[in-house]
Amino acid sequence: MTDRPLYLRIADEIAGDIRSGRLAAGQPAPSTRAIVRDWNVAMATATKVIGALRASGLVETIPGSGTTVRRRNEPAAVTTRRARLTQREIVETGVRIADADGLPFVTMRRVADSLGVSTMALYRHVPNKGDLTLRMTDSVFAGVRLPDIPLAAWRQRLDAAAHLFWTVFSLHPWAAEVLSISRPQLMPSVLPLAEWSLGTLRAMGFGTHDMLCAHINLFAHVRGMALARLTEAQAEKDTGMSADDWMRHHDRSLRQQAGSAGHPGLGHVIREPFDFDLDTVFEYGLQRLLDGIDARRRALEHR
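Below you will find a few notes about this structure.

### Some points on the packing of helix H2 (residues 32–39) against helix H3 (residues 43–55)
And step 1. Viewed as axis vectors pointing N to C, H2 and H3 meet at an angle of 120°, and their least axial separation amounts to 9 Å. Relative to H3, H2 is oriented oblique. Here the hand of the crossing between H2 and H3 comes out right-handed. On H3, the residues that touch Thr-32, Ile-35 and Val-36 of H2 are Met-43, Ala-46, Thr-47, Val-49 and Ile-50.

Right, dumping it as structure tokens:
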């Protein structure tokens, strides 16, 4: 029995829960993400587990609803060929999966399963996963509307651009993983935000060097904080503890280390209460960056 592939052994365990009634008909089956976490296996293995359960008729994947335990005495759902499949449907499905489980769990096969089509059917509309993730990111920025702020109000304009990015990343955290700092992608829905920022900096009298350095640092701050929030959300999901819970749990050991000689700064902040709110930290960093840009603007004016 030990020669039986791991994915089939995991499928046997889940099948046992289904047959015993611990997983009732109509209930969601363990997701691929849950299988990865609970059995410490790769995503490819988790996908095979779901495939084996589906092949045995114990679960069914319903487009838009995910994978559920099949009701007894009902035939397994049959994947039918769809007369028409659109690129928009594929992109929207990818966004839903990424929002629910994270970008690593967006695979061409999972998108196809969710839509009830073959994986090959997707390739007639998107050439690969990389292209799909770019289209997904562009789509979540499509609803962004730039406010009506005069060009002369540079601080308000740069502040607004940063907060627009922050809002999108709050709704779709995975998008921060797609957008690059050093290799910017020219996405139709993101381009107006970049132009807004660069145009504002140019109107301030900055040259190319200052424009790009300021723009990149502002974007890097938003993206970096968004990635920090994404990491924290995953850590909270994995441990069941918020950042504050984690600090309380490790309070004694942290105080012991911070209280040792040579750590006066660390010792001070450990003793003082601090509300670890990433929105607050983000806002602090953004305003200090804008202060720095203002100082640079004034320095150039007095040359």
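### A look at helix H4 (residues 87–101)
And step 1. Helix length check: H4 (15 residues) gives 21 Å between terminal C-alpha atoms against 21 Å at 1.5 Å per residue, within 8%.
And step 2. Those residues of H4 that fall on the buried side of the exposure criterion are Ile-90, Val-91, Thr-93, Gly-94, Val-95, Ile-97, Ala-98 and Asp-101.
And step 3. Structurally, H4 contributes buried residues whose contacts are with H2, helix H5 (108–115), helix H6 (119–122) and helix H7 (129–140).
And step 4. Once H4 finishes, Gly-102 follows within two positions and takes phi at roughly 110°, a positive value.

### Observations regarding unusual backbone geometry
And step 1. Here the phi dihedral of Asn-40 falls at roughly 55°; this positive angle occurs in a residue that is not glycine.
And step 2. Along the chain, Asn-40 turns up in the loop between H2 and H3.
And step 3. Exposure remark for Asn-40: the relative accessible area of 70% places this residue in the exposed category.

### Notes on the pattern of salt bridges
And step 1. Following the criterion strictly, the structure yields 12 salt bridges and no others.
And step 2. Its salt-bridge partner being Arg-288, residue Asp-291 comes within 2.9 Å of it at the nearest N-O pair. Of this pair, Asp-291 and Arg-288 both sit in helix H15 (residues 278–301), separated by three residues, roughly a single helical turn.
And step 3. The partner of Asp-294 in a salt bridge is Arg-297, and the shortest N-O contact between them spans 2.6 Å. With Asp-294 and Arg-297 both in helix H15 and three residues apart, the pair spans about one turn of that helix.
And step 4. By relative accessible area, Asp-294 is classed as buried at 16%.
And step 5. By relative accessible area, which is 18% here, Arg-297 ends up buried.
And step 6. Several salt bridges share partner residues, and in doing so they unite Asp-294, Arg-297, Arg-298 and Glu-301 into one network.

So, how was this worked out
Residues numbered from 1 in each chain as written. Predicted model: local features only at pLDDT ≥ 70, side-chain atom pairs only at ≥ 80, totals over all residues. Heavy atoms only, no water. Axes fitted to C-alpha atoms, helices over the stretch in contact; angles between N-to-C directions. Helix = DSSP H or I, 4+ residues; strand = E, 2+ residues; numbered from the N terminus. Parallel < 35°, antiparallel > 145°, perpendicular 65-115°, else oblique. Left-handed = near helix turned anticlockwise from the far one by under 90°. Contact = heavy atoms within 4.5 Å. Expected span 1.5 Å × (residues − 1). Buried < 20%, exposed > 50% of the residue type's maximum accessible area, 1.4 Å probe, protein only. Salt bridge = Lys/Arg side-chain N within 4 Å of Asp/Glu carboxyl O.

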